[in-house]
Amino acid sequence: MGDKMKINAKDYKSNKHRIYLLCGIVCIVVLMVTLIITTSKAKYKTTQSLPLINGTINYDLSDLNLIGAYIQEGEEYKQVNEIPLSGYEFNSEKSYCTVNGENINATINFDIETQTLSVVPLTKKGTKCYLYFDEKSSGSEYILASPNAPTNHTTDWTGKESYYYTGNPDNLVSFAGFYWRIIRINGDGSIRMIYQGVADSPTPDAGNMTGEGTQIGTGQFNSSDDNNMYVGYMYQSRQLHGLQTSSTIKGVLDSWYKNNIANTGFGDYVDGNAGFCGDRRVTSGTGISTSTTYYQPSTRISNSRPSLTCQTEDIYTTSGSGTGNKALTQPIGLISADEAMFAGIPWWANESNTNNYLYTDNSYWTMSPDHFSSSYAYMLLTGSSIGFSSTSYTAGVRPVINIRADVQITGSGTSTDPFIVVGA
């Protein structure tokens, strides 16, 4: 874009089945049997069919012994009257069965989804079983407790601590057929991550780490650049925080999200409440029309003082959210320049950093405005450093989404064992 481009940042988570707590006590001489008890939505009948490996036998439930069920609360367990159907996982090692008060050597399994108990062997009358259930850790808790957890933290716009990655950490995620990098654990516990490439192999190769494969394409932030309003992810004429019209880049991201996340069944894992900050607070000027204006992100970044605070008008969230401007149709956005600097990317005039998980050997858009002057609106971009270009400049597009705090996560974040959203 020639004279329009000031700096090219290229080097940029009841059935309340009554526990008429079952333990079938079935006495079968010699045979080693498996007792299967499956709960139902209705109360138990006087007689219940208990499937056995050698057939089915009717057994009067009033003659059965009770099961003790215990759920974890912190480091302790308490007895409950209902088997938990969500938020817990069965602890087979702690669970046990007894006969006349003495432990028996039995293998116990309970499937919460199918609500099925299996005890092997069960050969003596008078057996009692005690089932223990551990609290499931949320996805964010799992990551924060892992060896590859982010350790740096600062208060974000939720008023709570956000833990962010910096440098070149093991923060890789496999989700929805793509690789992502975790930017931070938001203050509300959701997990913010940036697109890293198509997951087209068992483990990401070098091509997924840098180059054009790390973005969904290139494009303009806005097709026009001759008005302050064009620094908005959404904008409206003569309004500093206008939301009437979607930016060019928002249209690209919305379409990509619908085709690759929402329409493929992965949208249930995405959090629309967490939001994205397109901070349009001004340092000087009005931010209206063609008034020469400098925006607060510009001042913070050029002085190496990033912040994760944001005002409600510029926190882009979906309509069902309890916070933000509730203007998004799709829960997708871009990284902010502040997040890039917290990760370790410097301001262009100071230095550059190619040894950073955000570095892709390309410049790509942030959501943060820089300034308007001399008839041009400028946005901040990032790469090996953070710079700025006019909104009509063509740069890389890297989607950012937030995964719900309560999802289950496995893995360690490395290239050979990335974090994985369970079930996704």
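Because the structure is predicted, anything quoted here is derived from the model rather than measured.

Counting secondary structure elements, the protein contains five helices and 30 strands. Within the span of the protein, comprising 424 residues, buried residues form 54% of the whole. As displayed, the protein has an accessible area near 18,400 Å², and 45% of this comes from carbon and sulfur atoms.

For the rest of this paragraph, the subject is unusual backbone geometry. In this structure, Asn 100 is a non-glycine residue whose phi angle is positive, near 55°. Assignment of secondary structure puts Asn 100 in the loop between strand 7 (96-99) and strand 8 (102-103). On the basis of relative accessible area, Asn 100 is assigned to the exposed category, the value being 73%. Of note in this structure, Ser 304 is not a glycine but carries a positive phi near 55°. By the element assignment, Ser 304 lies in the loop between helix 4 (296-302) and strand 23 (315-316).

This part is about the confidence of the model for the protein. Residues at a pLDDT of 70 or more form 80% of the protein, whose mean pLDDT is 83. Here residues 1-64 scores under 50 on pLDDT; set against residues more than four positions off or in separate chains, the count is 179 contacts.

Per the stated rule, a full pass over the model turns up two disulfides. Bridging Cys 97 to Cys 129, the disulfide has an S-S length of 2.1 Å. Between Cys 97 and Cys 129 the disulfide shows an S-S torsion of about 100°. By sign, it is right-handed. Of this pair, Cys 97 sits in strand 7 while Cys 129 is found in strand 11 (residues 127-135), placing the two residues 32 residues apart along the sequence. Here Cys 97 and Cys 129 have matching classes, each one buried. Looking at the protein, its bonded cysteines, counted consecutively from the start of the sequence, adopt the pairing 1-2, 3-4.

Within the structure shown, the criterion is met by nine salt bridges. Linked by salt bridges that have partners in common, Asp 156, Arg 184, Arg 192 and Glu 339 make up one network.

What follows covers the side chain of Arg 300. Within the fold, Arg 300 resides in helix 4. With residues near it in sequence (within four places) discarded, Arg 300 still touches Asp 279, Arg 281, Arg 305, Pro 306, Ser 307 and Asp 338.

Turning our attention to the packing of aromatic side chains. Applying the stated criterion across every chain, the model contains 23 aromatic pairs. A ring pair is formed by Phe 175 and Phe 266, whose centres lie 5.6 Å apart and whose planes are at 70°; its orientation type is edge-to-face. With Phe 175 in strand 14 (residues 172-175) and Phe 266 in the loop between helix 3 (248-260) and strand 20 (276-277), this residue pair connects regions lying 91 residues apart in the sequence. Here Phe 175 matches Phe 266 in class, with each residue buried. Taking 5.4 Å as the distance between ring centres and 80° as the angle between the ring planes, the aromatic pair formed by Tyr 233 and Tyr 316 counts as edge-to-face. Placement of Tyr 233 in the loop between strand 17 (217-220) and strand 18 (234-235) and of Tyr 316 in strand 23 is noted, with a sequence separation of 83 residues between them.

Topologically, Gly 219 is positioned in strand 17. Owing to a relative accessible area of 17%, Gly 219 belongs among the buried residues under this scheme. Considering only alpha carbons, one finds Gly 219 and Ile 249, 30 residues apart in sequence, at a separation of 7.0 Å. Excluding residues that lie within four positions of it along the chain, Gly 219 makes contacts with Trp 365, Tyr 393, Thr 394, Ala 395 and Val 397.

Analysis parameters
- Residues numbered from 1 in each chain as written.
- Predicted model: local features only at pLDDT ≥ 70, side-chain atom pairs only at ≥ 80, totals over all residues.
- Heavy atoms only, no water.
- Helix = DSSP H or I, 4+ residues; strand = E, 2+ residues; numbered from the N terminus.
- Buried < 20%, exposed > 50% of the residue type's maximum accessible area, 1.4 Å probe, protein only.
- Areas by Shrake-Rupley, 256 points an atom, 1.4 Å probe, with all protein chains shown as cover.
- pLDDT = per-residue confidence, 0-100.
- Contact = heavy atoms within 4.5 Å.
- Disulfide = S-S within 2.5 Å.
- Salt bridge = Lys/Arg side-chain N within 4 Å of Asp/Glu carboxyl O.
- Phe/Tyr/Trp six-rings, centres within 6.5 Å; stacked < 30°, edge-to-face > 60°.

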